[in-house]
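Single-letter residue listing:
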Amino acid sequence: MALKDTLANVLSVILNYEKVGKKEILLKYNSKVIKEVLKVMNQNNYVGTFEEVKDEKMNKLKLNLLGNVNKCGAIKPRYNVKIGDYDKFEKRYLPARDFGILVVSTSKGIMTNNEAKEKNLGGRLIAYIY
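None of these values were measured; they are calculated from a predicted model.

Considerations on the overall build of the chain
At step 1: Scanning the chain from N- to C-terminus turns up four helices and eight strands.
At step 2: Shown N-terminal to C-terminal, the secondary structure of the chain runs as helices and strands in the order α-β-α-β-β-β-β-α-β-β-α-β.
At step 3: The C-alpha atoms of the chain give a radius of gyration of 15 Å, which matches the 14 Å a tight globule of 130 residues would have.
At step 4: Dimensions of the chain along its principal axes, counting C-alpha atoms only, are 45 × 30 × 25 Å.
At step 5: When burial is assessed residue by residue, the chain has 39% of its 130 residues classed as buried.
At step 6: Surface exposure of the chain reaches about 7,900 Å², of which carbon and sulfur atoms provide 46%.

Considering the packing of aromatic side chains
At step 1: One pass over the structure, following the stated rule, counts four aromatic pairs.
At step 2: Plain terms: the ring middles of tyrosine 93 and tyrosine 128 are 5.7 Å apart, the flat faces sit at 20 degrees to each other, and that makes the pair stacked. Of this pair, tyrosine 93 sits in helix H3 (residues 86–93) while tyrosine 128 sits in strand E8 (residues 123–129), and the two are 35 residues apart along the sequence. Take tyrosine 93 and tyrosine 128: they sit in the same class, and that class is buried.

Regarding H3
At step 1: What H3 keeps buried is the set Tyr86, Phe89, Glu90 and Tyr93. End-on, the buried residues of H3 take up no more than an arc of 105 degrees, which puts them together on one face.
At step 2: Where H3 is buried, its residues contact strand E5 (80–81), strand E6 (101–106), helix H4 (113–118) and E8.

Regarding the environment of glutamate 18
At step 1: Secondary-structure assignment places glutamate 18 in helix H1 (residues 6–20).
At step 2: Accessibility expressed as a relative area gives 12% for glutamate 18, which makes it buried.
At step 3: Each C-alpha atom, one on glutamate 18 and one on lysine 71, is 9.1 Å from the other, the two residues being 53 residues apart in sequence.
At step 4: The contact partners of glutamate 18, leaving out residues within four places of it in the chain, are Tyr46, Leu65, Leu66, Gly67, Asn68 and Val69.

Let's talk about the side chain of glutamate 90
At step 1: Within the element layout of this structure, glutamate 90 appears in helix H3.
At step 2: On the basis of relative accessible area, glutamate 90 is assigned to the buried category, the value being 13%.
At step 3: Side-chain polar atoms of glutamate 90 contact the side chain of lysine 117, separated by 2.8 Å.

Conventions used here
Residues numbered from 1 in each chain as written. Predicted model: local features only at pLDDT ≥ 70, side-chain atom pairs only at ≥ 80, totals over all residues. Heavy atoms only, no water. Helix = DSSP H or I, 4+ residues; strand = E, 2+ residues; numbered from the N terminus. Rg over C-alpha atoms; globule rule 2.2 N^0.38 Å. Buried < 20%, exposed > 50% of the residue type's maximum accessible area, 1.4 Å probe, protein only. Areas by Shrake-Rupley, 256 points an atom, 1.4 Å probe, with all protein chains shown as cover. Phe/Tyr/Trp six-rings, centres within 6.5 Å; stacked < 30°, edge-to-face > 60°. Arc of directions from axis to C-beta. Contact = heavy atoms within 4.5 Å. Polar contact = N/O pair within 3.5 Å; in protein donor to acceptor, adjacent residues only side chain to side chain.

Structural data, given as structure tokens:
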């Protein structure tokens, strides 16, 4: 059986390890999108650094956790967001104003909802973290 959404699986693993209190994860899924989402999470101090580890079969990601994630998950379906619609989705996925981030895929790359607002860009919602 094939895995359909690797990003959702990675975010679920991160959340589970955060709840248990672990400090390090070895993620077996590795893609450009996952790396970009982890970079955004790192820039916003939700997770620590990560590095690629070569294995016999595939490359894995070694991720350091900081203990700052309360909840994270993938947004399905991947909603299209116009510039003025960010508030509607912030109310839906985040618990309070200015608490947490939405990860958005735009034409200029993957970034947070606040960066996309500043740059006046729309895009598709990928994940939420708080």
